[in-house]
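Summary of the model geometry
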Amino acid sequence: MKPARLFAAALLAGTFIAALPAPSSAQAKPQQQEKPVYRPVATSDHVVGRFQLALRRDTQTLARLSPLSEPGFSFVPTARLPERAGDGYNHLGDLNLRLRQAGGEWRDFASAQTRKPIRALAAGGDVIAAADISASMGNGIPLAVERRWLNEGGTPALVFRLTNTSTQPVEIGALGMPMVFDNILTGRSLEEAHAQASFVDPYIGRDAGYLQVTRLNGHGPALLVLPRPGTPLEAYSPLKNPKEAAGSLFADKSPRGQTSEGFYDWMVHSAGMAEREWRQAGEQWNRPTSRTLAPGEVMEVGVRLVEAPSIRAIEDVLAAQGRPVAVGIPGYVLPTDQRGTLFVKAPSPIKAMESEPEGALLASRDGEVNGWTRLSLQAKGWGQVRLTLTYEDGQKQTVSYFLTKPLAQVMADLGRFSTSQQWYEGKGDPFGRSPAILTYDKEAGKIVDIEPRVWIAGMSDEGGGGSWVAATLKQLDNPDPAEVARIEQLVNETVLGDLQVAEGPQAGAVKKSLFYYDPSRFPGLYKNPEQWRSWTSWDKKGAGDLGRSYNYPHVALGHWVLYRTARNHPGLVKQHDAAFYLRWAWRTIVAMMRDAPHYAEFGQMEGDAFVDILRDLRREGMAEEAATLERLMKGRADHWKSLKYPFGSEMPWDSTGQPEVYAWMRYFGHAKQADITREVILGYDPTLPSWGYNGNARRYWDFLYGGKYARVERQIHHYGSTLNAVPLFDAYRRDPADFYLLRVAYGGLLGGITNIDQDGFSSAAFHAWPDMMKWDPYSGDYGMGFFGHAYATASYLVNHPTFGWLGFGGDISQSGEEIIITPKDSARSRLYIAPAGQWITLEAGKIAGATYHPASGQITLTLDPATPHTPVARLYLEAMTPTAKRLTVPGATLEREGYSLPLGETPLTLRLTAP
């Protein structure tokens, strides 16, 4: 694969700032405004298999797609049909083409842009409706374009037939079928959005590619869009608004923004796009191709619409439909010191396997398992790799992998880079940011200390706090003396007293930003005045506001990690004792409830740690503080319990409040609300054979607030991926039979590591649109995602009924009747033995390995030797399932609900036994 090239865009940070929408409460009903009156659109109704369809009578495009089991719900934007009936609005059934003939330039043709009457063709039998839509494609098109809606054995199908009617060959450089589904949240309350809207996730896997359309509430049925023969999903290209599209016909007039991601083209061919719009982008998911039609030659492309009864059943339905199915273990992010496995089920045997770059990913056959072909994988490179499986029937399937260093090295790289290259000190900073760890611009190779979105340079909010939060969380399981010293310096000299109020009635409260806009005081500081005229350029008063609750968990984490480090690693934390930092973590949460009550009614990103802070208070005997905190959190939990969907955000829709909501619902025994939250996460967090989309939580607006290239765009592994993995892991440990949960969670957990480059720089997210396909140069809000990784990283030992013994985060082997797992996750401090329901965690110490004897249930644990700052291991055992036994460590000292185990010069082996 070619290396990703820098995107030479004219867009600089701040270009879109004036257009940034200000966050607003999500729970309030959208303001009612008088709506324009649109003429009704005539449709014809059809029932095909499990679906009720409606086609527009004038265009024969799809107007309704409802499951027969829920006729009041539609996967397409049926409710907005009248307002989207005019020119420039795409629907399922439209077509986009880029064509050229010998010696000519590319010409674009699009059926939705200037509609002309179509010529109906004969229907009957399996043909529901048919038309020649050539006239609507645009003047001068050298092809005849016919479209048919079919009933293929009870499955709706959409088919286009293209015929070269000219006397010269025609090259098709772009062939896109608009995939228009109802992801429009505009004007809907949180409850309405979850009941009525859907999200679309692509598997951009060529002949094995497909789309899955899942409802926001996570309920079934789900919709699968599957390719007919000759219709690979080569690329997935956005239909931008006309102003964004710079004159391209491949656009849609529907507003895009925080409440609507927009629509996409299923690209069968994309070489014409790669030559023009994508020419400065990074490597595409697949090699762009074109096809040439000789005079008179005909080709067909199309898709089939298939129902899956639930999200978890999607792969079963794919297999039943004869589609190639791939299941990667532990996913599609593979460190070079871990073995990977890919299970493949396809109707045709694998003929060949190819890695691009060549030799970067070694794939070898490793037998058959219950009808699945098992491939063993070994990573030899770094970065993106495309594995192509060619089947004997000629189909090609691509699986996208990301290869990375051993995770221990990735942690070391992140810690080193963030506490050195991003360290900001001794600059006489008038904003009180010294010392600090600030946002970094990898493209420019420098710290971002001035930004019109002032929080990015201000150490707070997500876009400004992300870097120092990441550096801090790295110390949770992998403390480094020099790095801990800098974190302690940052917390005591800059957080306490500058970012956080240290004394008085508002002690513990947190500001929105340390950096602010004040041209009268600093007349030469703010370049290009046009970039500083938006609401984002807060003045000193605005930056000093204490009312944004989302800033508080970042600061609480700074204190809590120093508490844990001081408690478990003697000699690393020097300025204060452990109790000092735990008490400040508590004060921060109390201040959030006192000084930022409005947004505190929602779940907070990183708020899961509040549960641990409460438990630590109890363990330390701080009963009064613990009682206060529990009372405050119960008030929030009681409110969430009363809601149909117990979460929300300052945004109209968000995917970051769910983890904390889930955690408190579990803590206070509200299982129903926890289960609702879990299922909603699955509605926007898929498992797909791609490092980018596997476990990738739905985010598409935060480049506006934390990225250098500020645009509404699907984000790959923004912080939602790892944050939302946390509750899925907990749900899996409670129900290890639900293997789907573990796969999605591990996809998000490892997805959050791909942001860290070979130097240790951490990007906010990856730009998924094919005109960029690269990591954003700003570190931005990455740290919120790294919290999820550091907080939840673990190894899992699983005995799957189909695949057998599997390791997530660790390599497994077998010795006689014993199963051995060697953890290689980034912490080596947490291990779940799924068949036994045992959750083993260490606050200090490292797991070298574990053995499990299935017949007896015996677990033996081996810990690393002592280190200078970890002389004693701190071990906790938790039985997670109803049948799991309560285990103990014979002879060990029980202290603060865990076992204290002195470590020596050699590994320590423990037998965990039931009393």
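Residues numbered from 1 in each chain as written. Predicted model: local features only at pLDDT ≥ 70, side-chain atom pairs only at ≥ 80, totals over all residues. Heavy atoms only, no water.

A tally of helices and strands in the protein yields 20 helices and 44 strands. Here the protein has a C-alpha radius of gyration of 28 Å; the compact-globule value for 915 residues is 29 Å, and the two agree. Principal-axis analysis of the C-alpha atoms gives the protein an extent of 85 × 75 × 50 Å. Burial status across the protein gives 64% buried among its 915 residues. Long-range contacts, defined as pairs at least 24 residues apart, comprise 69% of the intrachain contacts of the protein with a sequence gap of at least 6. (Helix = DSSP H or I, 4+ residues; strand = E, 2+ residues; numbered from the N terminus. Rg over C-alpha atoms; globule rule 2.2 N^0.38 Å. Buried < 20%, exposed > 50% of the residue type's maximum accessible area, 1.4 Å probe, protein only. Contact = heavy atoms within 4.5 Å.)

A few words now on the side chain of threonine 155. Following the sequence through the fold, threonine 155 ends up in the loop between strand E8 (143-151) and strand E9 (156-164). Under the relative-accessibility criterion, threonine 155 is labelled buried at 10%. Leaving out residues up to four positions away in the same chain, threonine 155 has contacts with Val48, Leu150, Arg304, Leu305 and Val306.

Moving on, we get to the sheet that holds strand E25 (residues 396-404). Overall, mixed pairing links the four strands, which are arranged E19-E25-E24-E21 in an open sheet. Because the sheet does not close on itself, it has two edges, and the strands there are strand E19 (333-335) and strand E21 (350-356). Recorded for the sheet is a direction-independent mean angle of 30 degrees between the axes of neighbouring strands. Relative to strand E24 (residues 383-391), E21 is paired through six bridges, and the arrangement is antiparallel. Bridged to serine 355 within E24 is leucine 387. (Pairing = 2+ DSSP bridges. Axes fitted to C-alpha atoms, helices over the stretch in contact; angles between N-to-C directions.)

On to the nonpolar core, then. Ranked by internal contacts, the top residues of the largest apolar core, which has 242 residues, are Leu97, Phe181, Leu342 and Tyr796. If we skip the residues at most four places from it in the chain, leucine 97 touches Arg107, Asp108, Phe109, Met137, Ile141, Leu143, Val145, Leu162, Ile172, Ala174, Leu175 and Phe250. Judged by nonpolar contacts, the second largest core, of 23 residues, contains Leu842, Leu861, Leu875 and Leu887. (Core = buried A, V, L, I, M, F, W, Y, C linked by side-chain atoms within 4.5 Å.)

In this structure the tally under the stated criterion is 73 salt bridges. Linking glutamate 83 and arginine 80 is a salt bridge whose minimum nitrogen-to-oxygen distance equals 3.7 Å. For glutamate 83, a relative accessible area of 33% puts it in the partly exposed group. Here arginine 339 ties to aspartate 811 by a salt bridge, and the two come within 4.0 Å at their closest N and O atoms. Of this pair, arginine 339 sits in strand E20 (residues 339-345) while aspartate 811 is found in strand E35 (residues 810-815), placing the two residues 472 residues apart along the sequence. By relative accessible area, arginine 339 is classed as partly exposed at 46%. Overlapping salt bridges bring together Arg312, Arg666, Asp675, Arg678, Glu679 and Asp738 as one network. (Salt bridge = Lys/Arg side-chain N within 4 Å of Asp/Glu carboxyl O.)

Another aspect to go through is the sheet that holds strand E6 (residues 119-121). As summarised here, the arrangement of the eight strands in space is E6-E7-E8-E9-E17-E13-E12-E11, forming an open sheet in which the pairing is antiparallel. For this open sheet the edge positions go to E6 and strand E11 (198-203), each flanked by a neighbour on one side alone. Across the sheet, the axes of successive neighbouring strands diverge by a mean angle of 20 degrees, strand direction being ignored.

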